[in-house]
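# Notes for the structure review
Here are the chains, one letter per residue:
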Amino acid sequence: MTIKRWFKNLFPSSVAKVREEKYGCRMLSARNVADTEARAITARVQELGPWFHNYEIASGIWTNSSGRFPGIEYPLGRWQLIEPLLPNVKGKSCLDVGCSSGFFSLKLKELGAAYVLGIDFEQQPQAIEQAQFAARTLGLDVDFRIMSAYDLGTLAKKFDVILFMGLFYHLRHPLVALEAAHAVCAGSMIFQTITMPHKKKLSELDPATITNVHRDSSTMSDDRFPALRFVEGTLDGDVTCWFIPNLQAVAAILRSCGFQPGQMTFTTEKEIIVSCSVIRR
Ligand SMILES: C[S@@+](CC[C@H](N)C(=O)[O-])C[C@H]1O[C@@H](n2cnc3c(N)ncnc32)[C@H](O)[C@@H]1O
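Residues numbered from 1 in each chain as written. Predicted model: local features only at pLDDT ≥ 70, side-chain atom pairs only at ≥ 80, totals over all residues.

A count of helical and extended segments in the protein gives nine helices and eleven strands. For the protein, whose C-alpha radius of gyration is 21 Å, the value lies close to the compact-globule estimate of 19 Å for 281 residues. By principal-axis analysis of the C-alpha atoms, the protein measures approximately 75 × 50 × 35 Å. In the protein, which comprises 281 residues, the share counted as buried stands at 36%. (Helix = DSSP H or I, 4+ residues; strand = E, 2+ residues; numbered from the N terminus. Rg over C-alpha atoms; globule rule 2.2 N^0.38 Å. Buried ≥ 20, exposed ≤ 12 C-beta atoms within 10 Å, placed from the backbone.)

Encoded structure:
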């Protein structure tokens, strides 16, 4: 008996769990499929690739098993942070803005949401086709559409829960999209973005000082003043990134677009997740 097999026999469940956790996100709805169907699903997954999200689309079949960017473990780590921040979504309507390959929308449906709409536009051309294929394969009724975040106001509908993740810095008009999200938000929003380097703590100037300023006041050059860096070319080789906010700008922009920032999760020193509630106007 090899050492590996001996170890596996000794700790069968822990070995399996470690492998499963490392590999990607399991889906409760992933079905056992016979060989012929498994081959057809695998072939379609490959045809539709590359996938931004790695998750189990049918038992043992993963969408990004080769680990292309952003890697085999994405979005497992992100989901582990997001799930505890979600309100109870049972029976609620949810919107996933910039849903990419659909993982978060599908999870919301698995958690019992009554209606989930996932929208994506342009940068990942096959994303909506991937998400629709995954929804069919998993047997989850999620509405995936090609639509821009800028056009959310055209939906004659309000959502209890909105996800706005990984999108802000990809937009040339981020406040237009946030205002459009506000127009359709009836409850809360989970917002995630990359940021300028920070110390995992938001320290803001006195609201009275930052809301009415003079160009020649020292407040304007204070590190704690809300600021966006504009990227004219590429960010780490990515041509689709435009605005990098500091933490103070994240909070100020959310407020200015009608969202009250609540719990903040400082995932790394260059990223933030904010749970917000809608400010009714
Ligand atoms: C970094 S990915 C984030 C995907 C997902 N939300 C997540 O957190 O894993 C950004 C996504 O936003 C989409 N996107 C870019 N501009 C958009 C727009 N104007 N409206 C809707 N989606 C957009 C891209 O196509 C891409 O799928």
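And the narrative resumes.
The next subject is the nonpolar core. Soluble, globular proteins show a tendency: their nonpolar side chains are buried together. Ranked by internal contacts, the top residues of the largest apolar core, which has 68 residues, are Val97, Ile162, Phe164, Ala181, Met189, Val250 and Leu254. Once residues lying within four places of it in the same chain are set aside, the contact partners of Met189 are Ile162, Phe164, Ala181, Phe259 and Cys276. (Core = buried A, V, L, I, M, F, W, Y, C linked by C-beta atoms within 7 Å. Contact = placed C-beta atoms within 7 Å.)

The step from Phe69 to Pro70 runs through a cis peptide bond, and the omega angle for that step is 5°. Looking at where Pro70 falls in the secondary structure, it is placed in the loop between strand E2 (61–62) and helix H4 (76–82). Following Tyr74, the chain continues to Pro75 via a peptide bond in cis, the omega torsion being 15°. By secondary structure assignment, the location of Pro75 is in the loop between E2 and H4.

A few words on the site of the ligand. Every one of the 20 residues lining the ligand counts as a neighbour, but Gly98, Ser100, Gln123, Ala149 and Gly166 are closest to it. For the shell around the ligand, a count of residues per class yields eleven nonpolar, seven polar and two charged. (Near = placed C-beta within 6 Å. Nonpolar A, V, L, I, M, F, W, Y, C, P; charged D, E, K, R; others polar.)

All right, on to the environment of Leu111 then. Inspection of the secondary structure assignment puts Leu111 in the loop between helix H5 (103–110) and strand E4 (115–120). By the C-beta count within 10 Å, which is 16 here, Leu111 ends up partly exposed. For the pair formed by Leu111 and Lys270, sequence separation is 159 residues and the distance between their alpha carbons is 30 Å.

On average, the protein scores 91 in pLDDT, and the residues at 70 or more come to 92%. With pLDDT under 50 throughout, residues 1–19 is counted as low confidence; its partners more than four residues away or in other chains account for three contacts. (pLDDT = per-residue confidence, 0-100.)

We now examine the sheet that holds strand E11 (residues 271–278). Reading across the sheet, the seven strands line up as E5-E4-E3-E6-E7-E11-E10 and stay open at both edges, with mixed pairing between neighbours. Pairing within the sheet leaves two strands with one partner each, and these edge strands are strand E5 (143–146) and strand E10 (259–265). Neighbour to neighbour, the strand axes of the sheet diverge by 20° on average, direction disregarded. One ladder, built from four bridges, connects strand E3 (residues 93–97) with strand E6 (residues 159–165); its direction is parallel. What sits directly across from Asp96, in E6, is Leu163. In the packing of helix H7 (residues 174–183) onto the sheet, the strands contacted are E3, E6, strand E7 (185–194), E10 and E11, and the crossing angle to E7 comes to about 155°. (Pairing = 2+ DSSP bridges. Axes fitted to C-alpha atoms, helices over the stretch in contact; angles between N-to-C directions.)

This next bit is on helix H6 (residues 127–138). With twelve residues, H6 extends 16 Å from end C-alpha to end C-alpha; this agrees with the ideal 16 Å at 1.5 Å per step. Ala127, Ile128, Gln130, Ala131, Phe133, Ala134, Ala135, Thr137 and Leu138 are the residues of H6 that are buried. Contacts from the buried residues of H6 go to helix H3 (35–48), strand E1 (56–58), H5, E4 and E5. One or two residues past the end of H6 sits Gly139, with phi positive at roughly 70°. (Expected span 1.5 Å × (residues − 1).)

In this structure, Asp238 sits in the loop between strand E8 (228–230) and strand E9 (243–245). Residues Asp238 and Asn64, 174 residues apart in the sequence, show an inter-C-alpha distance of 20 Å.

Attention now goes to the environment of Tyr115. Looking at the secondary structure, you find Tyr115 in strand E4. With 17 C-beta atoms counted inside 10 Å, the residue Tyr115 sits in the partly exposed group. Distance in space between the C-alpha atoms of Tyr115 and Asp223 is 42 Å, their sequence separation being 108 residues.

Let's shift gears to the packing of H3 against H6. One can describe the packing of H3 onto H6 by two numbers: an axis separation of 10 Å at closest approach and a directional angle of 165°. Taken together, the axes of H3 and H6 are roughly antiparallel relative to one another. Considering the relative orientation of H3 and H6, their crossing is left-handed. On H6, the residues touching Ile41, Arg44 and Leu48 of H3 are Glu129, Gln130, Phe133 and Thr137. Residues of the contact of H3 with H6, tallied by class, amount to three nonpolar, two polar and two charged. (Parallel < 35°, antiparallel > 145°, perpendicular 65-115°, else oblique. Left-handed = near helix turned anticlockwise from the far one by under 90°.)

Now for the pairing of E7. Counting buried residues in E7 gives seven out of ten residues, a clear majority hidden from the surface. Bridging between E6 and E7 involves six bridges; their strand directions are parallel. The residue of E7 that forms the bridge with Val161 is Ser188. At this point the chain moves from E6, through H7, to the parallel E7, and the crossover so formed is right-handed. One ladder, built from seven bridges, connects E7 with E11; its direction is antiparallel. Residue pairing across strands places Ile194 opposite Glu271, the latter belonging to E11. (Right-handed = clockwise from strand over helix to strand, strands pointing away.)

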